[in-house]
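# Breakdown of the fold
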Amino acid sequence: MSLKNYLTFALLTLTCLELQAKDYRTSLFGIHSDGITLNTRSIQYAIDFISQNGGGRLVFNVGRYLTGSIHLKSNVTLHLEEGAVLLGSLNPWDYDKKVWTAIVFAHDQQNIGITGQGVIEGRGRYIARNIVDMIHKGLIKDLFRQDRPEAETRPVLAYIRNCENVNIKGVTMQNSSSWVQIYDQCKNVAIDSITVDSKAYWNNDGIDIVDCDGVTITNSFIDSDDDGICLKSHDASKVCKNVLVRNCTIRSSANGIKFGTASYGGFSNVKIYNVKIFDTYRSAVTLAAVDGGFVENVIVDSLKAYNTGNAIFLRIGERIKGKKGRMENVSISNMYVEVPATKPDAGYEYEGPVEDMPRNISPSSIVGMPDALITNVTLKNIEIKHPGGGNPMYAKIGLDELDKVPEKPTFYPEFSMFDELPAWGLYVRHAKDIKISNLTLTCEKKDYRTAIVTDDLHGATFEGIKVTQPGVATSGVATPGVAKNYVHTYKSTGIVQKK
């Protein structure tokens, strides 16, 4: 079955399940909406009762419902009506830990959901403060790295693992103390028309999809203090596959869309359409294969990014010795990006870190390894506006010293990881079969660097390249070792230029 047909069938299944649901009001179970009474046991009793009696929806009316960890069961949906708030407790002992700590858990269940126009409120900065207090008292054991508790110790809003037919629709998820929501090894997940507003503490990834099969994320708004939409592969025997992201808007103090920082298994058949990204510190799109896994068959189409630190970052690494990643068959098209000279996430409560200095503004980049080339990448109809202003007196890698660019195979993958790169627009290293057409690069201020630099690129087509760079000629592909035009090639073969 094709991805389109599979996802259509999955959405129809979830819609039918929702229409057939029987409603149970929270008042039936003595669940209080005063924001003071701890409802954990009564909410859990309601969930268990509904699941054991044919399934249905537990409906929360207007009010504030205080709770610790609750566990969704098969055929149960939490439905939060407008004005209803599921309120996370501030007491660390009110939460269970099953790999992660969470307000809403679901393990090994089917036909579950969280729907409505209400809110799940994590009160992240305050519960995190209380966890820190318990760590200092020696009551919670934690590595406490970087002056904060580990992400798994702090409650996420929802941790859904090994579940099938998951429907998340309409709700607002806000102020998590860790990742906002995690879907781990699930099948048939539909996330639609939700709002994520989570800038309360560190590691506030908006949506994390881990080794799932069949996921749609549509019509949603994400404003997060870490990666907006993040795909991961934690299990070397699993693949995160058949994922569709469409019609979403993302703001992030890290990356807009990112996958691969945990890439032990792989990512396959991922499609991203019509996404808007703004005020985002790192890359609009980051794809990485750095833990021995693979990235294959990815389509990104119709993405616009404003005030974003970088447009595109593709990376193969080797964070685990002897386990190199693989990346092939990536298509990015119809993309518009504006990169500022200033820090894009200035003003966030938890901004991204200040990058190592000295450095100039980095280009987009496609960077494999000498023995693990990124293969078959297409960039088409892309426009990137760059601030330029690179100063060789501040930091410099010249075209006669490209071997000085470090490999850094074990480093955490971010677009700025190489400190200084020799291009301002696009840098390609250790790759083959790259097709670039209708690429427009605009540099606002004069930059000592050339627009495009390739190093160890084998088999590439440049067609319809347009560069506006103050004080530099804007036509022609440079021959190897010559930088007078806007593309400089080094240790590269099979480069073809077309008008």
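Report on the accompanying structure. Owing to the predicted nature of the structure, the values given are computational and were not obtained by experimental measurement. (Residues numbered from 1 in each chain as written. Predicted model: local features only at pLDDT ≥ 70, side-chain atom pairs only at ≥ 80, totals over all residues. Heavy atoms only, no water.)

What follows covers the pairing of strand β12 (residues 155–161). With 6 of 7 residues buried, β12 lies mostly within the body of the structure. The pairing of strand β9 (residues 100–107) with β12 spans 6 bridges and is classified as parallel. From the neighbouring strand, threonine 101 faces β12, where its bridge partner is proline 155. Bridge count between β12 and strand β15 (residues 181–184): 4 bridges; the pairing is parallel. Residue pairing across strands places isoleucine 160 opposite tyrosine 183, the latter belonging to β15. (Buried < 20%, exposed > 50% of the residue type's maximum accessible area, 1.4 Å probe, protein only. Helix = DSSP H or I, 4+ residues; strand = E, 2+ residues; numbered from the N terminus. Pairing = 2+ DSSP bridges.)

To continue, consider the side chain of threonine 172. Note that threonine 172 resides in strand β14 (residues 172–174). Setting aside its immediate chain neighbours within four residues, threonine 172 contacts Gly118, Val119, Ile120 and Thr195. (Contact = heavy atoms within 4.5 Å.)

A separate point is the pattern of salt bridges. Considering all chains together, one arrives at 26 salt bridges under this definition. A salt bridge links lysine 258 to glutamate 414; the nearest nitrogen and oxygen atoms lie 3.2 Å apart. Placement of the pair is lysine 258 in strand β23 (residues 257–263) and glutamate 414 in the loop between β28 (374–388) and β29 (423–445), with a sequence separation of 156 residues. Assessed through its relative accessible area of 0%, lysine 258 is described here as buried. Glutamate 414 gets classed as buried once you look at its relative accessible area, which sits at 9%. (Salt bridge = Lys/Arg side-chain N within 4 Å of Asp/Glu carboxyl O.)

We now examine unusual backbone geometry. One non-glycine residue, glutamine 185, lies in the positive phi region at around 55 degrees. Even without being a glycine, lysine 408 presents a positive backbone phi close to 50 degrees. With respect to the secondary-structure elements, lysine 408 resides in the loop between β28 and β29.

A few words on the pairing of strand β22 (residues 239–252). For strand β19 (residues 213–218) and β22, the ladder comprises 5 bridges, and the chain directions are parallel. The residue bridging valine 215 from the neighbouring strand is valine 243, located in β22. The sheet contact formed by strand β20 (residues 221–224) and β22 spans 4 bridges and is parallel. Looking at β22, one finds that phenylalanine 221 is bridged to threonine 249. Where β22 lies against strand β24 (residues 266–289), 11 bridges are found, and the strand directions are parallel. The residue of β24 that forms the bridge with isoleucine 250 is isoleucine 277.

Another point: the packing of aromatic side chains. Taken as a whole and judged by the stated rule, the model has 12 aromatic pairs. Aromatic side chains phenylalanine 105 and tyrosine 159 sit 6.3 Å apart centroid to centroid with 80 degrees between the ring planes, which places their arrangement in the edge-to-face category. Taken together, the positions of phenylalanine 105 in strand β9 and tyrosine 159 in strand β12 put the pair 54 residues apart, joining distant regions of the chain. On the basis of relative accessibility, which here comes to 0%, the residue phenylalanine 105 falls in the buried class. Between tyrosine 306 and tyrosine 336, the ring centres sit 5.8 Å apart and the planes meet at 50 degrees, which makes this aromatic pair tilted. Within this pair, whereas tyrosine 306 is found in strand β25 (residues 294–316), its partner tyrosine 336 is found in strand β26 (residues 326–338), the two being separated by 30 residues in sequence. (Phe/Tyr/Trp six-rings, centres within 6.5 Å; stacked < 30°, edge-to-face > 60°.)

This next bit is on helix α3 (residues 124–136). Compared with an ideal rise of 1.5 Å per residue, which puts 13 residues at 18 Å, α3 spans 18 Å between its outermost C-alpha atoms and is within 8% of the ideal. Taken residue by residue, α3 has Gly124, Ile127, Ala128, Asn130, Ile131, Val132, Met134 and Ile135 as its buried positions. Those residues of α3 that are buried lie in contact with β12. (Expected span 1.5 Å × (residues − 1).)

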